[in-house]
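Given next are the chains, with one letter for each unit.
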Amino acid sequence: MAVNPGIEGKRYPPAPPYAVGREKVREFARAVFATSPIHHDVEAARAAGYADLVAPPTFPIVVGAALETLIEDPEAGIDFGRVVHGDQRFVLARPIVAGDELTARLTVTAVRVVGGNAMVTAESALTDADGEHVATSISSLVVRGDS
Amino acid sequence: MSAAARPALGPLPDRSVLSVGDEVAEATFLLDRDKLVRYAGASGDFNPIHYRDDVARSVGLPGVLAHGMLTMGLAVQPVVDWLGGDAARVVDYQVRFTRPVLVDAELGAVVQVTAVVGALDDDGARIDLTVRSGGETVLGKAQVRVALPA
């Protein structure tokens, strides 16, 4: 079995807070070809009404750390070398900006076995320092079985 | 240069003139190995199948692949440009990774993105992306929800 089906419903403890820094926002934006000035220029971001540099829409993947959490969980029994990213969704309640301190909390919402493979769906909910929901990253991972 | 002299963002699209099926943006991106290494560093995803052919082949892949999250991350950018650069108007974004993007060491890979209005409602629009590389669709069900003023 490529995944322990018993992890369905498992809720992991919150990850240590992630401090969103300006240079990381700029670096990530450059890496995904995001050229809008609100990712790079603090004055432009403020002129547009944001508190600081705005992170690109897929930035929660950096904070959510879903894959790392699952791989490091011995109970899940997932072999990193067999994992393929199947689906990804981001639900963004508000923009992530530099200066945010985000806490990710991962829940395994589904484990399905299809053929010899397993599909694990996990949701990482990000909250800010005030405990307000900022974004949710939903990842489906395909774990290939023994062929 | 005064910051106030330069508008931070371009104009937003006028929703009243949009129709389902309108093509609103398109773009072509060249991914080479440097771009993959850059994304690895920026994202923290250091899986070696994204920079080492020998490791990729050892797990049965034809060669180095782009991070799916890199393809997803760049594919939304033409939509952000259409939004005048206001990336925060993207409120929901999903894709299915249907086919890997193989990045040749010398030639790289070309990723083509087309964005079409999929649906309109009171809050904004759903923009559907077609994302292709090497003649194949690489992202399926790629949908971006954007908030637009009525």
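Data block above holds the structure.
Undergrad: Just give me the short version of the overall build of chain A, but keep the residues and values in it.
TA: Check the secondary structure of chain A and you find 4 helices and 5 strands. Of the regular secondary structure in chain A, the N- to C-terminal order runs β-α-α-α-α-β-β-β-β. Judged by the C-alpha coordinates and their principal axes, chain A covers about 55 × 30 × 20 Å. The buried share among the 147 residues of chain A stands at 47%. Sequence separation of at least 24 residues holds for 66% of the intrachain contacts in chain A that already meet a minimum separation of 6. By element, 52% of the accessible surface of chain A is carried by carbon and sulfur atoms, the whole surface being about 6,400 Å². For chain A, the separation between the mean place of its 13 positive charges and that of its 19 negative charges on side chains is 2 Å.

Undergrad: I'd like a description of the side chain of R15(B), backed by residues and values.
TA: Residues and elements named next belong to chain B. Mapped onto the elements of the fold, R15 is located in the segment before β1 (23–31). Buried charge R15 goes without a salt bridge, the closest partner of opposite sign being D122 at 5.3 Å. Separated by 2.6 Å, the side chain of R15 and the backbone oxygen of D121 make a polar contact. Those residues within four positions of R15 in sequence are excluded, and the remaining contacts are L120, D121, D122, G124, L148, P149 and A150.

Undergrad: Break down the nonpolar core for me, citing the residues and quoting the values.
TA: The biggest cluster of nonpolar side chains holds 70 residues, and the ones touching the most others in it are W82(B), I127(B), L129(B) and V146(B). Contact partners of V146(B), with chain neighbours within four places excluded, come to V79(B), W82(B), L83(B), R89(B), V90(B), D123(B), G124(B), A125(B) and I127(B).

Undergrad: Go over the environment of E101(A), please, and point to the residues and values.
TA: Residue and element names in this part refer to chain A. Structurally, the position occupied by E101 is in strand β3 (residues 101–114). Sequence separation between E101 and A129 is 28 residues, and the spatial gap between their C-alpha atoms is 5.6 Å. Here E101 is in contact with P17, Y18, T127, D128 and A129, once residues within four sequence places are set aside.

Undergrad: Describe the interface of chain B and chain A, and please don't skip the residues or the numbers.
TA: When the parts of a complex come together, some accessible area is lost, and that lost area is often taken as the interface size. Counting from both sides, the interface comprises 36 residues of chain B and, opposite them, 35 residues of chain A. Here chain B packs against chain A, burying approximately 2,900 Å² in sum over the two surfaces, 60% of which is carbon and sulfur. The largest share of the area that chain B buries against chain A comes from A8(B), A42(B) and M69(B), three residues that together contribute 17% of it. Notably, a salt bridge pairs R96(B) with D87(A), separated by 2.6 Å at the nearest N-O pair. Scanning the region where chain B abuts chain A turns up 10 residue pairs in polar contact (both at pLDDT 80 or more). The set of elements that each furnish at least two residues to the side of chain B that touches chain A consists of β1, α1 (33–43), α3 (68–75), α4 (77–82) and β2 (90–97) of chain B. Considering each element in turn, the side of chain B that touches chain A owes the most residues, 8 residues, to β2(B). A per-class count over the side of chain B that touches chain A returns 22 nonpolar, 7 polar and 7 charged.

Criteria and thresholds
The numbering scheme is per chain: residues are counted from 1 as the chain's sequence reads. Chain letters start at A and ligand numbers start at 1, both assigned in the order the entries are written. Local features in this predicted model are restricted to residues whose pLDDT is 70 or higher, and side-chain atom pairs enter the listing and the counts only when it is 80 or higher, whereas totals over whole chains, interfaces and linings include all residues. To obtain the side-chain values, all non-hydrogen atoms of the structure were used and water was disregarded. A run of DSSP states H or I qualifies as a helix once it reaches four residues; a run of E qualifies as a strand once it reaches two. Both are numbered from the N-terminal end. Only protein chains enter the accessibility calculation, which uses a 1.4 Å probe. A residue is then buried if its area is under 20% of the maximum for its type, exposed if over 50%, and partly exposed in between. Here a residue-residue contact requires only that any non-hydrogen atoms of the pair lie within 4.5 Å. Computed with the Shrake-Rupley method and a 1.4 Å probe, the accessible areas treat only the protein chains shown as cover for residues. Think of it this way: Lys and Arg go in the positive column, Asp and Glu in the negative one, and His and the chain ends go nowhere. Throughout, a charge is located at the NZ atom of Lys, the CZ atom of Arg, the CG atom of Asp or the CD atom of Glu. For salt bridges, the criterion is a side-chain nitrogen of Lys or Arg within 4 Å of an Asp or Glu carboxyl oxygen. Two N or O atoms count as a polar contact when they lie within 3.5 Å, although within protein this holds only if one can serve as hydrogen donor and the other as acceptor, and sequence-adjacent residues are included solely when both atoms are side-chain atoms. For this analysis, a nonpolar core means a set of buried residues of the types Ala, Val, Leu, Ile, Met, Phe, Trp, Tyr and Cys, connected via side-chain atoms within 4.5 Å. Throughout, buried area stands for the accessible area (probe radius 1.4 Å) lost by two parts on being put together, summed over both. We call Asp, Glu, Lys and Arg charged. Ala, Val, Leu, Ile, Met, Phe, Trp, Tyr, Cys and Pro are nonpolar, and the rest, Gly among them, are polar.

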